[in-house]
Amino acid sequence: MRYRHRSCDPAAAAEFGRVLGVSATLAQVLLHRGVTELAAAKDYLAPTLAGLSSPQPMADRQRAGERLAQAVREKHHVVIFGDYDVDGTTSAAILADALTSLGARVSARIANRFAGGYGFSDIALAEVRRLEPDLVVTCDCGSSDHPRLRALREAGIDTIVVDHHLVPDEALPVLAFLNPHRPECEFAFKGLCSAGLVFLLVAAVRTELGVDFDLRPFLDLVALGTIADLAPLNDDNRRLVRAGLRRLIAEDARPGIVALREIAKIKGDTEVGATDVAFRLTPRLNAPGRLGFGQLTLDLLRAKTLGEARVMAAEVEGHNQQRRDIQQSLTEAAIEQIIAHYGEHPPHGVVAAHQDFHPGVVGIAAARLVERFGVPAVVVALQEPHDHGSARGTAGFPLHDAISSCASTLVRFGGHQAACGVTLAPAALADFRSSFAEATTRLREQVQAVQREVDLSLGIGPFGLPTAHELSMLEPVGIGNNEPLFHLPHALVEDASEVGQGHLKLRLRMGTSRLSAFGYQLAQRGIPSRGSTIQLIGHLRPDTYRGGGAIEMRIEALYPEGADIAAE
Ligand SMILES: [Mn+2]
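Because the structure is a prediction, the values reported are computed rather than measured.

Calculation rules
Residues numbered from 1 in each chain as written. Predicted model: local features only at pLDDT ≥ 70, side-chain atom pairs only at ≥ 80, totals over all residues. Heavy atoms only, no water. Donors = N, O, S within 2.8 Å, 3.2 Å for Na, K, Ca; no water. Helix = DSSP H or I, 4+ residues; strand = E, 2+ residues; numbered from the N terminus. Buried < 20%, exposed > 50% of the residue type's maximum accessible area, 1.4 Å probe, protein only. Salt bridge = Lys/Arg side-chain N within 4 Å of Asp/Glu carboxyl O. Domains from an automatic or database assignment. Pairing = 2+ DSSP bridges. Axes fitted to C-alpha atoms, helices over the stretch in contact; angles between N-to-C directions. Core = buried A, V, L, I, M, F, W, Y, C linked by side-chain atoms within 4.5 Å. Contact = heavy atoms within 4.5 Å. Disulfide = S-S within 2.5 Å. Expected span 1.5 Å × (residues − 1). Polar contact = N/O pair within 3.5 Å; in protein donor to acceptor, adjacent residues only side chain to side chain. Parallel < 35°, antiparallel > 145°, perpendicular 65-115°, else oblique. Left-handed = near helix turned anticlockwise from the far one by under 90°. Nonpolar A, V, L, I, M, F, W, Y, C, P; charged D, E, K, R; others polar. Right-handed = clockwise from strand over helix to strand, strands pointing away. Lys, Arg positive; Asp, Glu negative; His and termini not counted.

Next up on the list: the coordination of the manganese ion. Protein-derived coordination of the manganese ion comes from Asp87 (OD), Asp140 (OD), His164 (NE2) and Asp229 (OD), at a distance range of 2.2 to 2.3 Å. Mapping the donors of the manganese ion onto the primary sequence yields the spacing D-x52-D-x23-H-x64-D. Taken together, the residues Asp87 in helix 5 (residues 86-102) and Asp140 in the loop between strand 4 (135-139) and helix 7 (146-154) connect sequence positions 53 residues apart. This pair shows no difference in class: Asp87 is buried, exactly as Asp140 is.

Encoded structure:
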C-alpha cells in the first residue's frame, strides 16, 4: 500500500478550530470532509434528529400509515415478514414492537435461508397465509416478489412492502410500496435502509392515530440495521445512527441489547462507535440467520425481560460460535484446495468449490483467500439446484468486470467492483474456473495503483493527538463518512510485545503524550525495539480497555523513522 498526504492548511485549521472550540486536528478533518461553514460544522459535530429530511414526500408513506392506523383501531391481524439479515430483523422488530405498543394484533416472522431462502418466497407466502392475516407488511424484502404479492392481492389481503432493494420496472401489486429508489419517490435522502424506512413509517402511523408515542427508543435498532447493511453513514443516516449509538449503550437499553452487550463484553458506560458495532454486535445478530434461525434474532431484539433475553443471547452466541467454526474449517479447506489446484502462488484469480461448503459463509472465506494469496477469489457452495458462490477482489481490481466476462457460465450474478455474488449454470464449474482465470489475467493490467489518503501527520505544527471525545464527535464513521487516517511520523517505542496470536501491541510516546497501539497480525513482520522511534499509519479510537479518555491507534502500517510512506 502506498500513502498520500491530503493537503492541509495549518493556519486555517487552527482558526476554524478556535471558532468551533475544537482542536486544529479535528478542524482539519472537518475541512477534509468538505465541512467548511460554521453552521455546517456545528451540525456535523452534533447532528440532531430535527435536521432529518421531511418524510412527507416519500411515496406511499401516507397511505401505508393510514392503513396501519386502521389496523390498530379495528384490531386487524397484522403479519410482518422480515428478511433474515440484521436490517430485516431490526426493521421487523421495530414495526412489530411499535404496532403492539399502539394496540395492534401482530405476528412477526423471519425468512429462513434454507426453507424458501432470501425474501418473500413461496414457502414464506404459505407460512404467512397460515397465520390468517388481515394485513401483511414485508420488511427489507418484497421489491421483486411480484407473484407472491399478487397471490395475496387475489386472496383479498392488503400488503405493504418496505424495502430498499433495486426496483424492477413492473409495478408491485400492493397497497403501498415504500422504497426510496422508486423513480416516483421524492424523499430527499436515498440512503435509508429498511430499518430507517420502518422508523419513518411508524412516525406516520403515530401521526395518523394522533397519539403521543416516543419513537426514540427504537433508534438503537435503526443504528444496528443501518450499520449492518453498510448503508452510507452520511446525511439522515448519520443523524439516526449517532442517536442510536447513544441508545445502544444506555443503561435502560432494551433487554435484548443489554444481553447482547454482555455477550460481546461491551461495558455499558463506554462510548461505542460504528466500528465496534460492526465488529462486535452485528455479526452476532447475523449468525442465526446465516444458519437458518433468523427468528431467534427477532425474538432476542423483542425480548421483554433481561432473563429471557440472556437465554436467547446465549443461544445466539452458540450460533455465532458455530458460524465461526464453519467459517474456519471452510477457509482451511478452501486454502488447501487452492494450493492443490493452483500452487502456492497462483498467477491469476482462483476458484474453490465443494458440496460441503456452507453458503452462509462463502463471502467471508473468499475474503480470506484474497488475503492469503493476493489474487481475486471465488468460493462456491456446490448444491442443488444451483451452485452459489461469492467473489472478492484485491484492492483496485475491477472484480465486477471480471465476473461479467464470465457471464456465459453463470445463471445470475450481481454486486460491485469489490464483491460479487454468482450463481453458476448447471455443470459449469470447470468453464467458470477457466474463464475467471482468463479474465483476471487479462484485467490485471487495469488494476489501479491504490494510494490511500492520509488526513494528517500528528505532532507537527498545530496538529496534536485528538481526544477520545473529539473522535466520538466524528461518529458514526464508515462508508459515506470515512474514518480519518492519521500518520504519526515520530513515535517513541516505550514498550513492544506480541499479544494473542501474532498481534502487535505497542506503548508509544509522542512528546509529552502517551498512547497505545494495536496491530492485527503485525507481530510476524517484526517487533520494533524499545527506545526506537518509528512511523505509524492508522486510525485513532478511544481505548476501551483503559477508558478515561485515553486513545489507541489501530495500526495499518509501520515504517522506520524517516522512511517514505509514499514508496513501497
Ligand atoms: Mn437491507
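Next comes the rest of the write-up.
Before going further, it helps to examine the pattern of salt bridges. Scanning the entire structure with this criterion turns up 32 salt bridges. When the shortest N-O distance is used, the salt bridge between Asp60 and Arg182 registers 2.9 Å. Of this pair, Asp60 sits in the loop between helix 3 (38-45) and helix 4 (61-73) while Arg182 sits in the loop between strand 6 (176-178) and helix 8 (194-209); the two residues are 122 residues apart in sequence, bridging distant segments of the chain. Residue classification places Asp60 among the buried positions, given a relative accessible area of 18%. Note that Arg284 is salt-bridged to Glu317, the shortest N-O span being 2.8 Å. Linking Arg284 in helix 12 (residues 274-290) with Glu317 in helix 14 (residues 306-342), this pair joins segments that are 33 residues apart in sequence.

In this section: the domain arrangement of the protein. By a widespread convention, an interface's size corresponds to the accessible area lost as its parts come together. As far as domains go, the protein holds domain 1 (2-45 + 453-560), domain 2 (61-314) and domain 3 (345-449). Taking only C-alpha atoms, the centre of domain 1 and the centre of domain 3 are 36 Å apart.

On to the sheet that holds strand 4. Spatial strand order, 3-2-4-5-6: 5 strands in an open sheet with parallel pairing. The two strands at the open ends of the sheet, each matched to only one other strand, are strand 3 (105-110) and strand 6. Averaged over neighbouring strand pairs, the angle between their axes works out to 15 degrees when direction is ignored. Pairing geometry for strand 2 (residues 77-82) and strand 3, over 6 bridges, is parallel. Along strand 3, the bridge assignment pairs His77 with Arg105.

A separate point is the nonpolar core. Formed by 98 residues in total, the largest nonpolar core has its most connected members in Leu68, Ile80, Leu95, Leu99, Val137, Ile160 and Leu224. Examining the composition of this core, we find that 10 residues originate from one element, helix 8, more than from any other. If we ignore the near neighbours within four places in the chain, the residues touching Ile160 are Ala64, Arg67, Leu68, Leu135, Val136, Val137, Thr138, Leu175, Ala176 and Leu178.

Right, let's get into the state of the cysteines. What we call a disulfide is simply a covalent bond connecting the sulfur atoms of a pair of cysteines. Counted according to the given criterion, the structure contains 0 disulfides. Of all cysteine sulfurs, the one in Cys141 lies closest to Cys139, which takes part in no disulfide; the gap is 7.5 Å. The thiol sulfur of Cys193 is not disulfide-bonded, and the nearest other cysteine sulfur, from Cys139, lies at 11 Å. Judged by relative accessible area, which is 1%, Cys193 ranks as buried.

Moving on to the sheet that holds strand 7 (residues 350-354). If you walk across this open sheet you meet the 5 strands as 7-8-9-11-10, and the pairing is mixed. Taken across any chain shown, the strands that pair with only one partner, and hence form the sheet edges, are strand 7 and strand 10 (410-415). Within the sheet, the average angular offset between the axes of one strand and its neighbour, ignoring direction, is 15 degrees. Summarising the sheet, strand 7 and strand 8 (residues 377-381) pair through 5 bridges and their orientation is parallel.

Glancing now at helix 5. For helix 5, with 17 residues, the first-to-last C-alpha span of 24 Å sits near the 24 Å given by 1.5 Å per residue. Most of helix 5 is tucked away, with 15 of its 17 residues classed as buried. Of the residues that open helix 5, the one with a side-chain oxygen 3.3 Å from the backbone nitrogen of Asp87 is Asp85.

The subject of this paragraph is the packing of helix 4 against helix 8. Where helix 4 meets helix 8, the axes come as close as 8 Å, and the angle between the chain directions of the two elements is 60 degrees. By the angle between their directions, the pair helix 4 and helix 8 is classed as oblique. Two packed elements cross with a definite hand, and for helix 4 against helix 8 that hand is right-handed. When helix 4 is examined against helix 8, the residues Arg61, Gln62, Ala64, Gly65, Glu66, Leu68, Ala69, Val72 and Arg73 are found in contact with a partner set consisting of Leu200, Leu201, Ala203, Ala204, Val205, Glu208 and Leu209. Its residues assigned to classes, the contact of helix 4 with helix 8 shows 10 nonpolar, 2 polar and 4 charged.

Another aspect to go through is unusual backbone geometry. Along the chain, Glu384 connects to Pro385 via a cis peptide bond; the corresponding omega equals -5 degrees. Looking at the element boundaries, Pro385 is found in the loop between strand 8 and strand 9 (387-392). One non-glycine residue, Glu132, lies in the positive phi region at around 50 degrees. Topologically, Glu132 is positioned in the loop between helix 6 (122-130) and strand 4. By relative accessible area, Glu132 is classed as exposed at 64%.

Moving on, we get to the pairing of strand 9. Inspection of the sheet shows strand 8 paired to strand 9 by 5 bridges, in the antiparallel sense. Across the sheet, Val378 pairs through a bridge with Ala391, a residue of strand 9. Between the antiparallel neighbours strand 8 and strand 9 lie 5 residues. The pairing of strand 9 with strand 11 (residues 419-424) spans 6 bridges and is classified as antiparallel. Considered in strand 11, the bridge of Arg392 is made with Ala419.

Between helix 5 and helix 8, whose axes approach to 8 Å, the crossing angle comes to 15 degrees. For the element pair helix 5 / helix 8, the angle class is roughly parallel. Crossing of helix 5 against helix 8: the hand is right-handed. Together, Asp87, Thr90, Ser91, Ile94, Leu95, Ala98, Leu99 and Leu102 of helix 5 and Ser194, Ala195, Val198, Val202, Val205 and Leu209 of helix 8 make up the contact between the two elements. For the contact of helix 5 with helix 8, the per-class residue count stands at 10 nonpolar, 3 polar and 1 charged.

Across a regular strand the side chains alternate sides, sitting on one face of the sheet and then on the other. Burial runs high along strand 7: 4 of the 5 residues are buried. For the crossover that starts at strand 7, traverses helix 15 (residues 362-373) and ends in the parallel strand 8, the hand is right-handed.

On to the side chain of Asp236, then. Along the chain, the position of Asp236 falls in helix 10 (residues 235-248). For the buried Asp236, no salt bridge is present, and the opposite-charge side chain at shortest range is Arg239, 4.9 Å distant. In terms of polar contacts, Asp236 uses its side chain to reach the side chain of Ser53, at 3.0 Å. Each residue touching Asp236, except ones within four places of it in the same chain, is listed here: Leu52, Ser53, Phe187 and Phe189.

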